[in-house]
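Descriptive analysis of the structure
Below, each chain spelled out in residue letters.
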Amino acid sequence: MISIPTWGDQRNIKVGLLGGSFNPVHSGHLQLARRAFTILQLDQVWLMVSPGNPLKTGKEMASFSERFQGVQKCVDGRHIIATDIESRLYTRYSYDTLKKLYQRFPNCKFVWLMGADGLSQMVFWSRWQKILRLVPIAIFPRPPYIYKALNGKAAQWARSYRLPSQKASVLASYKPPAWVFVPSPENKISATALRAQGRSGL
Ligand SMILES: Nc1ncnc2c1ncn2[C@@H]1O[C@H](COP(=O)(O)OP(=O)(O)OP(=O)(O)O)[C@@H](O)[C@H]1O
Ligand SMILES: O=C(O)c1ccc[n+]([C@@H]2O[C@H](COP(=O)([O-])O)[C@@H](O)[C@H]2O)c1
């Protein structure tokens, strides 16, 4: 499995970033990644395994290596890539990660990807408005958060920067703030439910 370097990378491509705990990885993650790849016309989607979500401190979190290995097993490694780059950059907060990624990958166009729950929770993230100013964002449906996300505080703050969904294919070239809601099939699966049922994700 090829590791993404943290220095000297000159790739000139469009990259979707799907940050997550992946505790464990499941079909909702992979569907989102594949749809983003196609609809946003990306060159790669990085499944960026978080060393530790600052808002999730519970004992239920599996080790980083377990979660990362789980993601590695279910990606093709060419278009959809598992990466531990956040742990190698020593960042946990998404704003810090993005600042470093823009420095280290000066020719990349990044798009931040997330499910609707992410947008509805984003106001609790560190420097969330700065994140919206730093990177274009694509939001994917996730029941039951869609209404809450699209009418929540972060969406309200960024309402004038929302693009029609038909612009999703060119989102990566937009100067942020810019975001789009990408209508697509819904999947109720969650890592919380899988853990509760003692099931693996795939
Ligand atoms: N079923 C789903 N549909 C759409 N997006 C999803 C789905 N599950 C997860 N995502 C998105 O994938 C990213 C990573 O999610 P995460 O690893 O936290 O999974 P999770 O199922 O939400 O976990 P948990 O239940 O432990 O909070 C987030 O942006 C989240 O919105
Ligand atoms: O930067 C923050 O304050 C912040 C707070 C909560 C979550 N995040 C990021 O959101 C992404 C999704 O996290 P998770 O654990 O819900 O899968 C992941 O990349 C986290 O690092 C980031």
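Conventions adopted
Residues numbered from 1 in each chain as written. Chains lettered and ligands numbered in written order. Predicted model: local features only at pLDDT ≥ 70, side-chain atom pairs only at ≥ 80, totals over all residues. Helix = DSSP H or I, 4+ residues; strand = E, 2+ residues; numbered from the N terminus. Rg over C-alpha atoms; globule rule 2.2 N^0.38 Å. Buried ≥ 20, exposed ≤ 12 C-beta atoms within 10 Å, placed from the backbone. Contact = placed C-beta atoms within 7 Å. Near = placed C-beta within 6 Å. Nonpolar A, V, L, I, M, F, W, Y, C, P; charged D, E, K, R; others polar. UniProt positions renumbered as here; feature names shortened; annotations may be inferred. Arc of directions from axis to C-beta. Pairing = 2+ DSSP bridges. Right-handed = clockwise from strand over helix to strand, strands pointing away.

What follows concerns the overall build of the chain. In terms of regular secondary structure, the chain is built from nine helices and seven strands. Here the C-alpha atoms of the chain give a radius of gyration of 16 Å, agreeing with the 17 Å that 2.2 N^0.38 yields for 202 residues. If you line up the chain on its principal axes, its C-alpha atoms span 40 × 40 × 30 Å. Taking all 202 residues of the chain together, the buried fraction comes to 37%. The contacts in the chain between residues at least 6 apart in sequence include a share of 78% that link residues at least 24 apart.

To continue, consider the environment of Ile13. With respect to the helices and strands, the residue Ile13 is situated in the segment before β1 (14-20). Residue classification places Ile13 among the partly exposed positions, given that 13 C-beta atoms sit within 10 Å. Taking C-alpha positions, Ile13 is 7.8 Å from Leu42, a pair spaced 29 residues apart along the chain. Other than its neighbours up to four places away in sequence, Ile13 contacts Asp43, Gln44 and Cys108.

Turning our attention to the site of ligand 2. What surrounds ligand 2 is a group of 14 residues, the closest being Gly19, Gly20, Ser21, Asn53 and Trp125. Secondary structure elements with two or more residues in the shell around ligand 2: β1 and α4 (94-104). For the shell around ligand 2, the per-class residue count stands at five nonpolar, eight polar and one charged.

This paragraph deals with the site of ligand 1. Around ligand 1 there are 19 residues in total, and Gly20, Gly28, Gly115, Ala191 and Thr192 lie nearest to it. Grouping the constituent residues of the shell around ligand 1 by class yields seven nonpolar, ten polar and two charged.

A few words now on the UniProt feature "domain: Cytidyltransferase-like" (unreviewed entry) in the chain. Residues annotated by UniProt as "domain: Cytidyltransferase-like" (unreviewed entry) correspond here to residues 17-196. With 38% helix and 17% strand, the stretch residues 17-196 has end C-alpha atoms that lie 27 Å from each other.

The complete set of buried residues in helix α2 (residues 64-73) reads Arg67, Phe68, Gly70 and Val71. Down the axis of α2, the buried set is contained in an arc of 155 degrees. They therefore lie on one face. Those residues of α2 that are exposed and aimed more than 90 degrees away from the buried face are Ser65, Glu66 and Lys73.

Alternating positions in strand β3 (residues 80-83) separate into two faces, Ile80 and Ala82 on one and Ile81 and Thr83 on the other, with burial throughout. Pairing between strand β2 (residues 44-49) and β3: four bridges, direction parallel. Residue Trp46 lies in a different strand from β3, and its bridge partner there is Ile81. Between β2 and its parallel partner β3, the chain crosses via α2, and the hand of that crossover is right-handed.

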